[in-house]
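# A closer look at the structure
Residue-level listing of the chains:
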Amino acid sequence: MKKILFVTSEAHPLIKTGGLADVSSSLPKALADLGQDVRLILPNYGALKLNNEVHLRSEFPIGSYFVRLLETKLPDSAVTVWLVDCPAYFGMVGNPYVDVFGNAYANNADRFALFCRAVSEVAMNRVELNWKPDIVHCNDWQTGLVPALLSLEYQCPPTIFTIHNMAYQGIFGGLVASILQLPPQLLSQDGLEFHGMISFIKGGIAYADKVTTVSPTYAQEIQTAKFGYGLEGLLTYRNDDLIGIINGIDADWNPEVDSLITQKYAVDSLSEKVQNKTALQIRLNLPVDENIFTLGLISRLVEQKGIDLLLDCLSELLSLPVQIVILGSGDKDFEHRLSQFAAAYPHKMALTLGYNETLAHLIEAGCDAFLMPSRFEPCGLNQMYSQRYGALPIVRNTGGLADTVIDTLPISLANKTATGFIFEEENAGALFETIKRALVLHSIPDTWRQLQINAMTRDFSWTNSAKQYLNLYESIE
Ligand code: ADP
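Conventions we followed
Residues numbered from 1 in each chain as written. Predicted model: local features only at pLDDT ≥ 70, side-chain atom pairs only at ≥ 80, totals over all residues. Heavy atoms only, no water. Pairing = 2+ DSSP bridges. Helix = DSSP H or I, 4+ residues; strand = E, 2+ residues; numbered from the N terminus. Contact = heavy atoms within 4.5 Å. Axes fitted to C-alpha atoms, helices over the stretch in contact; angles between N-to-C directions. Buried < 20%, exposed > 50% of the residue type's maximum accessible area, 1.4 Å probe, protein only.

## Digging into the sheet that holds strand β9 (residues 193–194)
- As summarised here, the arrangement of the three strands in space is β8-β10-β9, forming an open sheet in which the pairing is antiparallel. The outermost strands of the open sheet, each flanked by one partner alone, are β8 (171–173) and β9.
- As paired strands, β8 and strand β10 (residues 197–199) are joined by three bridges and run antiparallel to one another. Residue pairing across strands places Phe172 opposite Ile198, the latter belonging to β10.
- Packed on one face of the sheet, helix α6 (residues 200–207) meets β8, β9 and β10 and runs near 55° to β10.

Here is the structure:
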């Protein structure tokens, strides 16, 4: 049994701004199910949704602050959570990183430096917990100073740093180094220094024993200038210690047990999936038609997700016998342009702006295919959900999309491994051609059904991913 300290800045359902929160609850739970002793540590934000008992475990000084370490349990699990309590830094109610105007808090460097210092004390078993981890697993830039600080310690536990998205790096002006009183040994070009500034993510990448990211293809991509954001050189240097492990998906994304959909179904009752299509069409005021090729898209409406690629072929797409169902919010220009199409084609396209978990489940259950034309995608979840729901994903060949979808080609059709449709070029023409490829196959019911079965029977469980992390933990002792 391994003692694992899992370090993160958010965890569902305590606090969530993105996919990191999902990983930070699902992976520790899956590791615990595999018999590991895993403890989660995160800041005690004012906005945490705590429903289990919380009690004080320890108190210790970090710089000029007295930090309290509170203990609770992750809801619906036996996983212990430690909360680093420092009201001056984490007490505000709201988003953990940005103010109401969406601007990063001015003292984010101090806030997460204090968090990392507190974590290092816990990791070194210096705060009367009588628990020393065998592995410290850090996630994203907010935790990047932990491997750096631990590298200065005698007999520190091994560290792993996981990159969930290279686009967020925690870069601060060089002056913060003195404000944070970072040890000078850490400030070299091989350390935290980044073009005269201080990079938190670089601390994780440079000092952790192993670096992981959330798909094997993204692990390769971030070693190139296009995806590496200036750290491609360091990532290439660390190539031997850099691996990609795909995230799992939660058990409640399963059409056999999903209480948010109209009709549950499985591979052996696939014909019942159509009841969800009908329910979706009724709910969204689209003409009810069992046979029409229905495409879904659920996404943040941002450039990363390739929304403009879809917009650029939408008028041609809407001239085909299809229905398109979109749920999302984000960039106002994308929202506006999509709204114009939805208004012009009310019988073919339904747009729902906003966040709606229930509708997201019904779209997966009701659609025939699912669009994900992302420019980059570290892992991506929706393409895995859609395979489990038999809504075949149409994706760009990048990151986790490339690793989790098997393109429909003569060979993969023949050996029953094909699960979706992949296109290469980052343009609307390539997306459109691939949608047409899917449309043609959809008109051959037996073939389509076989593709759905191939997709629905793939294993995207967290157990699978957790075993890979465990192998990695075991490899670095
Ligand atoms: P990312 O984390 O980059 O946004 P992922 O595919 O990894 O993309 O995960 C997105 C998650 O958020 C999925 O669970 C998806 O269903 C959900 N989601 C995104 N937008 C919406 C929305 N408007 N309503 C409901 N769920 C959404």
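On we go.
## A few points about the sheet that holds strand β15 (residues 349–353)
- Here we have six strands laid out as an open sheet, ordered β15-β14-β13-β16-β17-β18, and parallel in their pairing. The open sheet has two edge strands with one neighbour each: β15 and β18 (421–423). Shown here is a sheet whose adjacent strand axes are inclined to one another by a mean of 15°, direction ignored.
- Direction of pairing for strand β16 (residues 369–372) relative to strand β17 (residues 392–396): parallel, over a ladder of four bridges. Residue pairing in the sheet places Leu371 in a bridge with Ile394 of β17.
- Helix α11 (residues 307–317) contacts β13 (293–301), β14 (322–330), β15 and β16 of the sheet and is inclined by roughly 150° relative to β13.
- Helix-sheet contacts for helix α12 (residues 332–344) involve β13, β14 and β15, and the interaxial angle to β15 is about 145°.

## A word on the pairing of strand β11 (residues 210–213)
- Residues Lys210 and Thr212 point to one face of β11 and Val211 and Thr213 to the other, with burial holding for every one of them.
- With four bridges connecting them, strand β7 (residues 159–163) and β11 associate as parallel partners. When the bridges of β11 are listed, Ile160 appears paired with Lys210.
- With three bridges joining them, β11 and strand β12 (residues 242–244) adopt parallel strand pairing. Bridged to Thr213 within β12 is Gly244.

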